[in-house]
Amino acid sequence: MSSAPRSAGANVLIALSFALAAIVLVTPLALIFSFALREGLGAYFAAILKPDTLHAIFLTVVTALIVVPINVVVGAALAWLVTRFRFRGQQLLVAFIELPAAVSPIVAGVVYLFLYGNQGLLGPVLQSLGLQVMFTPLAIVLVSLFVTAPYVARELVPLMRQQGTEDEEAALSLGANGWQMFWHVTLPNIRWGLVYGAVLTNARVMGEFGAVSVVSGSIRGQTNTLPLQINLLFNDFNIAGSFAAASTLALIAVLTLVLKSSLEAWERR
Amino acid sequence: MNKLLLSAVAALALVSSPVLAQPTDILNASYDIARELFEAENAAYAATGATVTVNQSHAGSSAQARAVLEGLQADVVTFNQVTDIQKLVDGGYVTADWTSEFPHNAAPFYSFPSFLVRSGNPKAIKDWGDLAAEGVQVIFPNPKTSGNGRYTYLAARAWATEAYAGDEAKIEELLTKLFANVPVFETGGRAATTAFTERELGDVLVTFEAETLAVVKQLGADKYEAVVPSVSFLSEFPVAVVDKVVDARGSRDIAKAYLDFLFTPEGQEVAAANFHRPQDETVAAAHAATFPAIRLVTVEDAFGGWDKVAADHFADGGLLDKVFVNQ
């Protein structure tokens, strides 16, 4: 790489991409933190420690802790199914996996409303059982499961197709059973796809606004997730508060990426 | 792992299912721009020694009515439109004679569409006719989605009906010009306010007087001025106990006690301090400096009641659609 001298054109292009990244990616992120800290560290922590904001952070993290493991397992199973077996309707299943990523989140929210709302399809049944789904944290978890369902499978399907089944067949022919093959051959092969899928799922769960806003009922301190809380604070003219809340969301995102990168670095050693 | 997940989901379901014995909290589903008002009302209510926690949910008044119909467990609703409570009556959630359960037709406070202009009032906007002038940009929320916007439409029409002595062609011409002066219709009252203040769109914001005075206080009298027109449309903010929810939760007493508080002198004082005009005459007199005199027309006098307004003006193809050109 470094042996061939770079042309002036290449240098200009590299400089341009750095400048672009700085303008498009770094500046907004830096702005969030500078706005959040504009009134000092004390005001910043006071804004974050407001009970409603604290609860929004808690709800968002809990939702992610429930949704990400489920969708990692389900996504891996789906990817396994469509890449390791041949069956009727396979292409249809692949298309269905993609569906939540293809529809607008607001549509997902409205669909859930029509399913679980009192006037919805399952509403009368749920009401007679005394179960409340809509406008509760449960609805937020369900709709988050839906919108983030495709991310792990989307990462894994192309990867597993490309890798083929040779390693696994070799393991089986050497006497491994199904679980041994999965733990020692399949999983190590797909682990980066899995990690990346989990990172994407996590980012989407924590950042989801549209679908969640339909099903949440936005009860302060109960069903407001972090993105909803940021929007609410912003509309309350509480600019410092909304940027403080936004900075926690940004911070979580940065931490996830740092975690992923350090995992990669540790792996390479 | 799966057991863990199951129990987590079960725990969530438990948390979210209605508590049957002795609830100590109620949910108030309220309209968009009432956030600061109810934050203050709830603090004042707690100061009276009430041990009930009042949770708040805010969105457009009509959107909240829909949410309650879909199962939002609101013990009380505090809306900005009678028609939105009517939807709950139609759905069997609120008793038909809800207006007689509290004084003043169950409306503890009121406001009316008024103007907010930029400092110095550069376009010299004084009354409804000025909003239709050429080169004036007007911001108010979409009357199709916002009660606030519907009040604005009715206020402008009430003014025009008087100004043109009921000449329908002239009234519609004025309203068409007014609507054409709106560069963007936001869906809710607060979004219209942020469009005017944060995005600096428009020369005049038309919204409830309560919102105009709150903006002047929050963002500075050096930046904005509240202008009160010669006449406007009485906008009563009704409250109701959601019977279906309180009966299921056993929270009727605490829900009613909370709404009763809004009509007490203490509750009225908080409303006035947050720029909502109180019904209590003593409290109103004490805040006379904040609230200039204005002539308000009622829906009964000017339009023959809410049912008639809904049928004549807001139904598809009604009078609103005739003047709402760039929707």
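Residues numbered from 1 in each chain as written. Chains lettered and ligands numbered in written order. Predicted model: local features only at pLDDT ≥ 70, side-chain atom pairs only at ≥ 80, totals over all residues.

1. Topic: the overall build of chain A
Line of reasoning, step 1. Counting secondary structure elements, chain A contains 13 helices and zero strands.
Line of reasoning, step 2. Shown N-terminal to C-terminal, the secondary structure of chain A runs as helices and strands in the order α-α-α-α-α-α-α-α-α-α-α-α-α.
Line of reasoning, step 3. The principal-axis extents of the C-alpha atoms in chain A amount to approximately 65 × 65 × 30 Å.
Line of reasoning, step 4. Taken over 269 residues, chain A has a buried fraction of 35%. (Helix = DSSP H or I, 4+ residues; strand = E, 2+ residues; numbered from the N terminus. Buried ≥ 20, exposed ≤ 12 C-beta atoms within 10 Å, placed from the backbone.)

2. What about the interface of chain B and chain A?
Line of reasoning, step 1. Each side of the interface is counted separately: chain B has 24 residues, and chain A has 26 residues.
Line of reasoning, step 2. Broken down by secondary-structure element, the contributors of at least two residues to the side of chain B that touches chain A are helix H1 (2-16), strand E2 (53-58), helix H3 (61-69) and helix H8 (189-197) of chain B.
Line of reasoning, step 3. It is H1(B) that provides the largest number of residues to the side of chain B that touches chain A, a total of six residues. (Contact = placed C-beta atoms within 7 Å.)

3. Structural notes on the confidence of the model for chain B
For residues with low pLDDT, the predicted coordinates do not support detailed interpretation.
Line of reasoning, step 1. With 93% of its residues at a pLDDT of at least 70, chain B reaches an overall mean of 90.
Line of reasoning, step 2. For this predicted complex, the interface confidence score (ipTM) comes to 0.73, while the overall pTM stands at 0.80. (pLDDT = per-residue confidence, 0-100.)

4. Overview of helix H13 (residues 239-268) of chain A
Residues and elements named next belong to chain A.
Line of reasoning, step 1. The terminal C-alpha atoms of H13 lie 43 Å apart, and with 30 residues this matches the ideal 44 Å at 1.5 Å per residue to within 8%.
Line of reasoning, step 2. Those residues of H13 that fall on the buried side of the exposure criterion are Gly241, Ser242, Phe243, Ala244, Ala245, Ala246, Ser247, Thr248 and Leu249.
Line of reasoning, step 3. Where H13 is buried, its residues meet helix H1 (8-36), helix H2 (40-48), helix H3 (51-84), helix H10 (178-207) and helix H12 (226-235). (Expected span 1.5 Å × (residues − 1).)

5. As for the packing of H10(A) against H13(A)
Residue and element names in this part refer to chain A.
Line of reasoning, step 1. Where H10 contacts H13, the axes come no closer than 11 Å and their chain directions differ by 175°. With respect to their mutual orientation, H10 and H13 come out roughly antiparallel. When H10 is examined against H13, the residues Val195, Val199, Asn202, Ala203, Met206 and Gly207 are found in contact with a partner set consisting of Leu249, Ile252, Ala253, Thr256, Lys260 and Leu263.
Line of reasoning, step 2. Class assignment for the residues of the contact of H10 with H13 results in eight nonpolar, three polar and one charged. (Axes fitted to C-alpha atoms, helices over the stretch in contact; angles between N-to-C directions. Parallel < 35°, antiparallel > 145°, perpendicular 65-115°, else oblique. Nonpolar A, V, L, I, M, F, W, Y, C, P; charged D, E, K, R; others polar.)

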